[in-house]
Amino acid sequence: MEVFLQTLVAGVLKGGLYALIGLGMTLIMGVMGIINLAHGQFMMVAMYITYALFHFFGLDPYTTLIISMPSLFLLGVLIQKYLLNPLMKVESILPENQVLMTVGIAMVLTEIARFIFSSNYLSVRTSYSSSAFYVGGISFSVALTVAFGFTCFLTISLFWFLIKTDLGRSIRAVSQDSEAAELMGIDSGRIKVITMGIGAGLVAAAGTLLLPIYYLFPDIGGPFTRKAFIITILGGLGSTVGAIFGGLTLGLAESFGATYIGMDFEDLVGLVIFLLVLLFIPGGFRRFTKV
Amino acid sequence: MLKVEGLNVSYGDLQVLWDVSFEVKEGEIVVLLGANGAGKSTTLKTVSSLVKPTVGSVEFLGVRLDRIPSHEVINYGLAHVPEGRRLFPDMTVEENLIVGSLTREAKSKRKKTLEWLYDIFPRLRERIKQPTGTLSGGEQQMVAIARGLMSLPKLIMFDEPSLGLAPIMVTEIFKVVEMVNREGVTVLLVEQNVHHTLAMCDRAYVLENGRITLSGTGEEFLNNDHIKEAYLGI
Ligand SMILES: Nc1ncnc2c1ncn2[C@@H]1O[C@H](COP(=O)(O)OP(=O)(O)O)[C@@H](O)[C@H]1O
Ligand SMILES: [Mg+2]
């Protein structure tokens, strides 16, 4: 029973971070209609920013959120404005070409990171990196718990923004019908730029929060892009509430897979769940949600 | 008020409008009639700048709409209620209406306009929190019309608002269109439903295969042999 609860707690905490990764990807999917295959690489860039600020300036990793998030917001804005939106204007170009562009962006970001930091594994060791506290015999990693708390805060803020502000409503309008949104006076090109910025900023937060308990090398983006993709599909392509369920599901699946099947099977279990959902709940968790 | 001159419009290699010209004067209800595929929706989309003409111009209150991006059109007081309603299906009735009032002036009067529209459409007041994807066709059309009015337009264009509705709903929708006009909003109405529209309009145009083939007052149309034969089935 204790093992079960411990696994559950670990899965939920990790799932929170995954939800954050999936939320950004989902917003982008909803508004742009494309899978952003550079999503994990955005996260990688944020992790290097955190690493550099920690290493060279001694900043606490959590403090670096105020730099990593705006930086990635800006990177997302620039990429959408100058690399992706221009592709949309050419009528003969299919949406697939934008996806290919994100693949190219992912490779360029990875190689830039390799050029600056080399391929070495890096990590950020803090006092709380490996500390834990106990509640009823169950251990809670301090870093993961802090990450989970901040993730909840960001998620609630995001939903408040999407539901209560005109800009948030405009983002949802574009994702539901971009031509009708244009008729309402919404500049869908501008909304796409802002959405890419928000998506990149959210995944930046996930990267920065993860770094104290993880490690870093240039190719770390790929696996996280794949995870983001799985979460987005689980959540039902474009449903933000679905993305939270998708993230939690993946976190729990990996956690239980590692405990009850074996450490090496962590990723496999995630993929099996993914296939099962595709087979038995086509459309993902979207069918249970409305937002 | 709205002056459309010599529009040629193509989708890729396929030209669908040839030399389309018409005019809407302040306070009028003008109807654009035509069979399926005649180019009615394309005409409205060109007015809204969603589609750019290869030749021709669209002038609204002195502004060349064909030269500005589509999302700026609404700022000049022209609203477009598109064919098939095109609501935001996962958003509630109220959210759809709010998104209709994003221009500066409309935003400042949002609360008042909402009250005005809920008085006109009491049925929508009862469904404020309901996602529009779950409404009936007639209710969705009311939301679409109300959303268009939220921007407080000077001219509103309706693209086949009666399409796919039960006869009783059709009558109600056309009553609303007339009422909107009485409130001082100029109306450009695209329809295939000739019976209702000719009786209520000031003037009408017929669009056939992408060309304007006939124009006149509603009364002239009702007595026109070609119209009787082709559209009224008499
Ligand atoms: N987006 C599009 N791409 C290509 N052809 C189109 C498009 N929209 C409409 N058409 C074609 O243009 C013609 C006019 O269509 P439309 O303006 O929708 O007519 P109506 O509204 O009168 O039924 C039709 O032949 C239609 O097939
Ligand atoms: Mg049409």
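Owing to the predicted nature of the structure, the values given are computational and were not obtained by experimental measurement.

## Examining the overall build of chain A
No. 1: Secondary structure summary: chain A contains 11 helices and two strands in total.
No. 2: The N-to-C order of helical and strand elements in chain A reads α-α-α-α-β-β-α-α-α-α-α-α-α.
No. 3: With the C-alpha coordinates of chain A rotated into their principal frame, the extents come out at 60 × 45 × 35 Å.
No. 4: The buried share among the 291 residues of chain A stands at 53%.
No. 5: Across chain A, the centroid of the 15 positively charged side chains sits 6 Å from that of the 15 negatively charged ones.

## Details of the layout of surface pockets
No. 1: The volume enclosed by the largest pocket comes to roughly 1000 Å³.
No. 2: If you list the elements that add at least two residues to the lining of the largest pocket, you get α1 (2-32), α3 (65-89), α4 (95-117), α7 (178-183) and α8 (188-210) of chain A together with β1 (2-11) of chain B.
No. 3: In terms of residue count, α8(A) provides more of the lining of the largest pocket than any other element does, six residues in total.
No. 4: Residue classes in the lining of the largest pocket are distributed as 10 nonpolar, 12 polar and nine charged.
No. 5: Size it by volume and the second largest pocket reaches roughly 860 Å³.
No. 6: K14(A), Y18(A), Y214(A), E254(A) and E266(A) are, among the 36 residues lining the second largest pocket, the residues nearest its centre.
No. 7: Taken together, the elements giving at least two residues each to the lining of the second largest pocket come down to α1, β2 (138-141), α8, α9 (221-235), α10 (240-260) and α11 (266-280) of chain A.

## Things to note about the pairing of strand β10 (residues 211-217) of chain B
Residue and element names in this part refer to chain B.
No. 1: Note: strand β9 (residues 203-208) against β10, six bridges, orientation antiparallel. Each bridged residue has a counterpart across the sheet, and for R203 the counterpart in β10 is T217.
No. 2: In textbook terms, the turn of a hairpin is the stretch between consecutive antiparallel strands, and for β9 and β10 this stretch comprises two residues, one of which, N209, has a positive phi near 50 degrees.

## Some details on the sheet that holds β1(B)
All names here are of chain B.
No. 1: One open sheet accounts for four strands, arranged β2-β1-β4-β5; its pairing is antiparallel. In this open sheet, the two edge strands, each paired with only one partner strand, are β2 (14-24) and β5 (63-64).
No. 2: Relative to strand β4 (residues 55-60), β1 runs antiparallel, the two being bridged by five bridges. Each residue of the ladder has a partner; that of V4, found in β4, is V58.

## What to know about the site of ligand 1
Residues and elements named next belong to chain B.
No. 1: The full set of residues close to ligand 1 is Y11, V16, A35, N36, G37, A38, G39, K40, S41, T42 and E83.
No. 2: Within the backbone of G37, an N or O atom sits 2.7 Å from an oxygen atom of ligand 1.
No. 3: Residue K40 places a main-chain N or O atom 2.8 Å away from an oxygen atom belonging to ligand 1.
No. 4: Ranked by residues supplied to the shell around ligand 1, first place goes to helix α1 (residues 40-47) with three residues.
No. 5: Considering only residue class, the shell around ligand 1 consists of four nonpolar, five polar and two charged.

## A look at unusual backbone geometry
No. 1: Backbone geometry places S118(A), a non-glycine residue, at a positive phi of 65 degrees.
No. 2: Note on placement: S118(A) falls in the loop between α4 and β1 (132-135).
No. 3: The phi dihedral of L61(B) falls on the positive side, at around 50 degrees, and the residue is not glycine.
No. 4: Topologically, L61(B) is positioned in the loop between β4 and β5.
No. 5: By relative accessible area, which is 43% here, L61(B) ends up partly exposed.

## Some details on the coordination of the magnesium ion (ligand 2)
No. 1: Here the magnesium ion (ligand 2) is held by S41(B) (OG) and E83(B) (OE), and the distances to it run 1.9 to 2.0 Å. Taken together, the residues S41(B) in helix α1 and E83(B) in the loop between β6 (78-81) and α2 (93-99) connect sequence positions 42 residues apart.

## Concerning the environment of R182(B)
No. 1: Tracing the chain through its elements places R182(B) in helix α7 (residues 167-182).
No. 2: Separated by 155 residues in sequence, R182(B) and G27(B) place their C-alpha atoms 8.3 Å apart.

## Some words on helix α5 (residues 142-164) of chain A
Residues and elements named next belong to chain A.
No. 1: The end-to-end C-alpha distance of α5 is 33 Å, a good match for the 33 Å that 23 residues give at a rise of 1.5 Å each.
No. 2: Along α5, the residues that are buried comprise A143, L144, A147, T151, L154, T155, L158, F159, F161 and L162.
No. 3: Those residues of α5 that are buried lie in contact with α1, α3, β2, α6 (166-176), α8 and α10.

## Some points on the packing of aromatic side chains
No. 1: Counted according to the given criterion, the structure contains 13 aromatic pairs over all chains.
No. 2: Here Y121(A) and Y215(A) contribute two aromatic rings whose centre-to-centre distance is 5.5 Å and whose plane-to-plane angle is 20 degrees, an arrangement assigned as stacked. Taken together, the residues Y121(A) in the loop between α4 and β1 and Y215(A) in the loop between α8 and α9 connect sequence positions 94 residues apart.
No. 3: Residue Y215(A) is classed as partly exposed on the basis of its relative accessible area of 36%.
No. 4: When the ring of Y214(A) is compared with that of F224(A), the centres are 5.8 Å apart and the planes differ by 70 degrees; the resulting orientation is edge-to-face. Within this pair, whereas Y214(A) is found in the loop between α8 and α9, its partner F224(A) is found in helix α9, the two being separated by 10 residues in sequence.
No. 5: Judged by its relative accessible area of 25%, Y214(A) is partly exposed.
No. 6: Joined through ring pairs, the aromatic side chains of Y121(A), Y214(A), Y215(A), F217(A) and F224(A) make up one cluster.
No. 7: In this arrangement the basic side chain of R147(B) is found over the ring face of F88(B), its NZ or CZ atom lying 4.9 Å from the centre.

Analysis parameters
Per chain, residue numbering runs from 1 following the sequence as it is written. Think of it this way: whatever chain is written first is A, whatever ligand is written first is 1, and the rest follow in order. The model is predicted, so local features are restricted to residues of pLDDT at least 70 and side-chain atom pairs to those at 80 or more, both for listing and for counting; the totals for chains, interfaces and linings are taken over all residues. Computation of side-chain values covers all heavy atoms of the structure but excludes hydrogens and water. Helix and strand definitions here come from DSSP, where helices need a minimum of 4 consecutive H or I residues and strands a minimum of 2 consecutive E residues; each element is numbered from the N-terminal end. A 1.4 Å probe rolled over the protein chains alone gives each residue an accessible area, and that area as a share of the maximum for its type sets the label: buried under 20%, exposed over 50%, partly exposed in between. Residues scored as charged are limited to Lys and Arg (positive) and Asp and Glu (negative), so that His and the chain ends carry no count. Where a charge lies is defined by one atom per residue type: Lys uses NZ, Arg uses CZ, Asp uses CG and Glu uses CD. Grid points spaced at 1 Å and placed over the protein atoms alone form the basis of the search, with a cavity being a set where a 1.4 Å probe fits but cannot get out and a pocket an open set showing protein on both sides within 12 Å along at least five of seven lines. Lining residues have an atom within 4 Å of a point. Grid points are joined across faces, edges and corners, and a volume is the space filled by probe spheres set on the points. When residue character is reported, Ala, Val, Leu, Ile, Met, Phe, Trp, Tyr, Cys and Pro are called nonpolar, Asp, Glu, Lys and Arg charged, and the others, Gly included, polar. Should DSSP find at least two bridges between two strands, the strands are regarded as paired. In these notes, residues near a molecule or strand are those with any non-hydrogen atom within 4 Å of it. Distance and chemistry together define a polar contact, namely a pair of N or O atoms within 3.5 Å, with one atom able to donate a hydrogen and the other to accept it when in protein, and with adjacent residues in sequence counting only for side-chain atoms on both sides. Sites may look incomplete, because water is not among the atoms used; the donor set itself consists of N, O and S atoms within 2.8 Å of the metal (3.2 Å for Na, K and Ca). Multiplying 1.5 Å by the residue count of a helix minus one yields the expected span of that helix. Any two residues whose heavy atoms approach within 4.5 Å at even a single point are treated as in contact. The aromatic pairing rule takes the rings of Phe, Tyr and Trp, using the six-membered ring of Trp, and pairs them if the centres are within 6.5 Å, calling planes under 30 degrees apart stacked, those over 60 edge-to-face and the rest tilted. Look at NZ for Lys and CZ for Arg. If either is within 6 Å of the ring centre and within 35 degrees of the ring normal, a charge sits over the ring.

From the geometry alone we can't say anything about function, so treat these as descriptive.
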